[in-house]
Amino acid sequence: TARHRNLFNGDSCTYFYNPEFWQPEGGLYSAKAIHRYVDVLADSGIDTFLINPNAQVAWYPSKKLQTIIDGYRRGDREFFRGHAIATGVTPDKMDAYLDHQVKFFNLYLDLIDAGVDWLAETSRACRRRGVSPWVSVRMNDMHGSANPTGSHFNCALFKQAKYRLEGRPFDPKDGFIQYWAGLNYELPEVRDFMMSHIREYLEDYDFEGMELDWLRNPICCNPPAGPRQHELMVAWIADVRRQTEARSQRLGKPVPLGLRIPGNLGYMKSIGLDVPRLAREKLIDFIGFSNFWQTTWDMPYDELRNQLGPDVAIYGVVEDAPNWVNGYAPSLQGKSTS
């Protein structure tokens, strides 16, 4: 849209990966780091900041939802061992991994101890610099999938197999894949759980736009989804739309609702999301198409526009992560990822 030309997505760790950039003076982490980060965005011409507050659980100090550090005490290395198993950390690297996690998550504790909710502070920083604060909700994050009951990344529902998908990939010949056994949106408990996230962001925080991120990860219902699943998801997203419209009434201006998804609409329909129908029924306002964690150079935008009609804004996406194309690197004596 005209007011939102340059969107920037930041995930729930975005202020914490490199604290030396945002608080070079050191000391206990503070709200200054958040404001400095947003200052860089504003100075670079970003007009809309989509901040991600969640994986399966809340990464901010939610008063209503399970959080990523529930039960963590400063310096408790063992708290992170279950997730180390999920990510395949080998015994020889375990101590270094646990020490790094302690250092990383202590930054979150620093802010909590100082009475700073970094999610709320994001909106304050955006307002100070004239940047529009939006929220980007991860709909089926699978960081802890390899250890469902042991990783602190996983919500209570995910720890119970009955709430998980069957792990069927797009090609059934590939058999069961644990990474595709995410939360099953065919179940009302899962839909209600994710709606509780959405309501908190819209009712308790100062956001004026919302993105439903099905890029991380593109799983929803057991494939191949049929009419029943499509109806369920249309009705559920219509409920999300009602939440954003209620927020719009409180703000006195539009609150756009959109999707972050792969560029294969047939695939999206196979997992229960009939995106052209969502567009036709005016349940979404914008879409950002991308590859999984890598920039694409061949997205069929003209074809996507034909399928979606004229009323949905389409954003091109540049990812910050590696491009998995082999490149010749003689200095590395062979092929390397570039």
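Attention in this report is confined to the structure presented alongside it. Predicted, not measured: the structure shown is a model, and the values here were computed from it.

## With respect to a nonpolar patch on the surface
- On the surface, a cluster of nonpolar side chains totalling about 280 Å² of accessible area is made up of Tyr179, Phe292 and Trp293.
- Among the structural elements, tryptophan 293 can be located in the loop between strand 6 (286–289) and helix 10 (301–308).
- A relative accessible area of 37% places tryptophan 293 in the partly exposed class.

## So, the packing of aromatic side chains
- Evaluated as defined, the whole model comprises 30 aromatic pairs.
- Each ring, one from phenylalanine 21 and one from tryptophan 22, has its centre 6.2 Å from the other, and the planes form 85°; the classification is edge-to-face.
- Residue classification places phenylalanine 21 among the exposed residues on the basis of a relative accessible area of 55%.
- In this arrangement the basic side chain of arginine 164 is found over the ring face of phenylalanine 158, its NZ or CZ atom lying 5.3 Å from the centre.

## Notes on the pairing of strand 3 (residues 132–138)
- Here strand 3 lies mainly inside the structure; seven of its seven residues are buried.
- Here strand 3 shows two buried faces, one formed by Ser132, Trp134, Ser136 and Arg138 and the other by Pro133, Val135 and Val137.
- Here four bridges tie strand 2 (residues 48–51) to strand 3, and the two strands are oriented parallel to one another. For leucine 50, the partnering residue across the bridge sits in strand 3 and is tryptophan 134.
- Here strand 3 pairs with strand 4 (residues 210–213) via four bridges, running parallel. Following the sheet pairing, arginine 138 is matched in strand 4 by aspartate 213.
- Between the parallel elements strand 3 and strand 4, the chain passes through helix 6 (residues 188–204) in a crossover that is right-handed.

## Details of the state of the cysteines
- Enumeration according to the criterion identifies zero disulfides in this entry.
- Free of any disulfide, cysteine 13 has its nearest cysteine sulfur in cysteine 155, 17 Å distant.
- Left unpaired, cysteine 220 is separated from the closest cysteine sulfur, that of cysteine 221, by 3.9 Å.

## Concerning the nonpolar core
- Core analysis: the biggest nonpolar cluster contains 97 residues, and Trp59, Trp118, Tyr185, Met210, Leu212, Trp214 and Trp236 have the highest contact counts within it.
- Tallying contributions element by element places helix 4 (residues 91–113) first for this core, with 10 residues.
- Sequence-distant contacts of methionine 210, defined by excluding residues within four places in its chain, comprise Val135, Val137, Ile198, Tyr201, Leu202, Val240, Thr244, Pro256, Leu257, Gly258 and Phe286.
- Among the nonpolar cores identified, the runner-up in size contains five residues, and Leu50, Trp134, Phe286 and Ala313 belong to it.

## Concerning the packing of helix 2 (residues 31–43) against helix 5 (residues 118–129)
- At their nearest, the axes of helix 2 and helix 5 sit 9 Å apart, and the two run at 40° to each other. Looking at the two axes, helix 2 sits oblique to helix 5. Handedness of the crossing formed by helix 2 with helix 5: right-handed. Judged by residue contacts, Ala31, Ile34, His35, Val38, Asp39, Ala42 and Asp43 of helix 2 engage Trp118, Glu121, Thr122, Arg124, Ala125, Cys126, Arg128 and Arg129 from helix 5.
- For the contact of helix 2 with helix 5, the per-class residue count stands at seven nonpolar, two polar and six charged.

Here is what the cut-offs are and how they apply
- Residues numbered from 1 in each chain as written.
- Predicted model: local features only at pLDDT ≥ 70, side-chain atom pairs only at ≥ 80, totals over all residues.
- Heavy atoms only, no water.
- Patch = residues over 30% accessible without salt bridge, like charges linked within 9 Å, V, L, I, M, F, W, Y side chains within 5 Å.
- Areas by Shrake-Rupley, 256 points an atom, 1.4 Å probe, with all protein chains shown as cover.
- Salt bridge = Lys/Arg side-chain N within 4 Å of Asp/Glu carboxyl O.
- Helix = DSSP H or I, 4+ residues; strand = E, 2+ residues; numbered from the N terminus.
- Buried < 20%, exposed > 50% of the residue type's maximum accessible area, 1.4 Å probe, protein only.
- Phe/Tyr/Trp six-rings, centres within 6.5 Å; stacked < 30°, edge-to-face > 60°.
- Lys NZ or Arg CZ within 6 Å of the ring centre and 35° of its normal.
- Pairing = 2+ DSSP bridges.
- Right-handed = clockwise from strand over helix to strand, strands pointing away.
- Disulfide = S-S within 2.5 Å.
- Core = buried A, V, L, I, M, F, W, Y, C linked by side-chain atoms within 4.5 Å.
- Contact = heavy atoms within 4.5 Å.
- Axes fitted to C-alpha atoms, helices over the stretch in contact; angles between N-to-C directions.
- Parallel < 35°, antiparallel > 145°, perpendicular 65-115°, else oblique.
- Left-handed = near helix turned anticlockwise from the far one by under 90°.
- Nonpolar A, V, L, I, M, F, W, Y, C, P; charged D, E, K, R; others polar.

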